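The lines below spell out each chain.
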Amino acid sequence: MDPIALQAGYDLLGDGRPETLWLGIGTLLMLIGTFYFIARGWGVTDKEAREYYAITILVPGIASAAYLSMFFGIGLTTVEVAGMAEPLEIYYARYADWLFTTPLLLLDLALLAKVDRVTIGTLIGVDALMIVTGLIGALSHTPLARYTWWLFSTIAFLFVLYYLLTSLRSAAKQRSAEVQSTFNTLTALVAVLWTAYPILWIVGTEGAGVVGLGIETLAFMVLDVTAKVGFGFVLLRSRAILGDTEAPEPSAGADAQAAD
Ligand code: RET
């Protein structure tokens, strides 16, 4: 592979989109994650644990559909931007993925912290606002509009982070040491990984264009897989997902107990 092709990826479908390599790998990793979580959750009877499994399986499941559609070039559009010679290629299917999966990830955290419905509703509402305004920015026709929507979305993102680190964190403090430690690990993961999204967007093709579409697609794929499958892995191997009053079953989740 010549250096340029290596930088951008490899055009698997032969339709002039080198980023299909990363979209194909992304699809496979999301599918592997989905089936791994299904296999782990098979036969789990604890009611609370089953809630976490259902949410955590759906997240990479939804993403695998989004990645497969981007791989085949559905969920891709072009946008004319004032002052740019070439139309921008925008994979809008990401936003459909994020619109469903980011609320589900936040729901996992809210269930761990056991916050009330109003807090969950607000958190998810602001999160959806973040994704939708990001999408409007990606589809906007002038640089000023694009950066304005990015700012709007980033402010919404800061509110999400603020909620996680204040309301949810203090609610989690009322729960067992196991729950607190899992909650803290996962919030740290979210704070670091999610912060990379607005940065990548603004330096990538949607914003300043310092990073090209190939590298950007690769970076989003690594972030998406870690934020979904990595997150689910940490969550489901923790005993924190078993109800407060329920003792772990001796036969199920042998490695979950070994983690002790
Ligand atoms: C956008 C637009 C620009 C501003 C901001 C954004 C934030 C995106 C985030 C996405 C998280 C996605 C995850 C996916 C997979 O699990 C929409 C890029 C703030 C935070 C975690």
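Up top is the structure.
Residues numbered from 1 in each chain as written. Predicted model: local features only at pLDDT ≥ 70, side-chain atom pairs only at ≥ 80, totals over all residues. Heavy atoms only, no water.

1. A look at the overall build of the chain
Item 1. Each helix and strand in the chain was counted, giving nine helices and two strands.
Item 2. The order of α-helices and β-strands along the chain, N terminus first, is α-α-α-β-β-α-α-α-α-α-α.
Item 3. For a compact globule of 260 residues, the expected C-alpha radius of gyration is about 18 Å, and the chain comes in at 19 Å, within 12% of that figure.
Item 4. Here the chain holds 260 residues, and 46% of them are scored as buried.
Item 5. Pairs at least 24 residues apart make up 71% of the contacts formed inside the chain by residues separated by at least 6 positions.
Item 6. As displayed, the chain has an accessible area near 12,500 Å², and 69% of this comes from carbon and sulfur atoms.
Item 7. The chain carries 14 positive and 23 negative side-chain charges, and their two centres are separated by 9 Å. (Helix = DSSP H or I, 4+ residues; strand = E, 2+ residues; numbered from the N terminus. Rg over C-alpha atoms; globule rule 2.2 N^0.38 Å. Buried < 20%, exposed > 50% of the residue type's maximum accessible area, 1.4 Å probe, protein only. Contact = heavy atoms within 4.5 Å. Areas by Shrake-Rupley, 256 points an atom, 1.4 Å probe, with all protein chains shown as cover. Lys, Arg positive; Asp, Glu negative; His and termini not counted. Charge placed at Lys NZ, Arg CZ, Asp CG, Glu CD.)

2. Quick notes on empty space enclosed by the protein
Item 1. For the structure on display, the rule yields two cavities of 30 Å³ or more.
Item 2. Counted as a void, the largest cavity has a volume near 340 Å³.
Item 3. If you list the elements that add at least two residues to the lining of the largest cavity, you get α4 (93-113), α5 (117-139), α6 (143-172), α7 (177-203) and α8 (213-236).
Item 4. Of the residues contributing to the lining of the largest cavity, the split by class is 14 nonpolar, seven polar and two charged.
Item 5. What the second largest cavity holds in volume is close to 40 Å³.
Item 6. Every residue lining the second largest cavity is listed: Glu89, Ile90, Tyr91, Arg94, Thr205, Glu206, Leu213, Glu216 and Phe220.
Item 7. Residue composition of the lining of the second largest cavity, by class: four nonpolar, one polar and four charged. (1 Å grid on protein atoms, 1.4 Å probe; cavity = no way out; pocket = protein on both sides within 12 Å on 5 of 7 lines; lining within 4 Å. Points joined across faces, edges and corners; volume = space filled by probe spheres on them. Nonpolar A, V, L, I, M, F, W, Y, C, P; charged D, E, K, R; others polar.)

3. Brief notes about the site of the ligand
Item 1. Close to the ligand lie 16 residues, the nearest being Trp150, Ser153, Trp194, Tyr197 and Lys228.
Item 2. Here an oxygen atom of the ligand and a side-chain polar atom of Lys228 are 3.1 Å apart.
Item 3. For the ligand, the accessible surface in isolation is 530 Å², of which the surrounding protein chains cover 100%.
Item 4. Of all the cavities here, the one that holds the ligand is the largest cavity.
Item 5. Per-class residue counts for the shell around the ligand are ten nonpolar, four polar and two charged. (Near = heavy atom within 4 Å. Polar contact = N/O pair within 3.5 Å; in protein donor to acceptor, adjacent residues only side chain to side chain. Sits in = over half its atoms within 2 Å of the grid points.)

4. Here we look at unusual backbone geometry
Item 1. One non-glycine residue with positive phi stands out, namely Lys114, at about 55°.
Item 2. Its location among the elements puts Lys114 in the loop between α4 and α5.
Item 3. Using a relative accessible area of 51% as the deciding quantity, one classes Lys114 as exposed.

5. A word on the nonpolar core
Item 1. Counting residues in each nonpolar core, the largest one holds 67 residues, and the members touching the most others are Leu109, Leu112, Leu168, Trp194 and Leu235.
Item 2. Elements with a contribution of two residues or more to this core: α2 (20-41), α3 (47-71), β2 (88-91), α4, α5, α6, α7 and α8. (Core = buried A, V, L, I, M, F, W, Y, C linked by side-chain atoms within 4.5 Å.)

6. A short note on the pattern of salt bridges
Item 1. Inspection of every chain in the model, using the stated rule, returns four salt bridges.
Item 2. The salt bridge involving Asp15 is made with Arg17; its shortest N-O contact spans 3.2 Å.
Item 3. Beyond isolated ion pairs, a larger network of salt bridges with shared partners links Glu48, Lys114 and Arg175. (Salt bridge = Lys/Arg side-chain N within 4 Å of Asp/Glu carboxyl O.)

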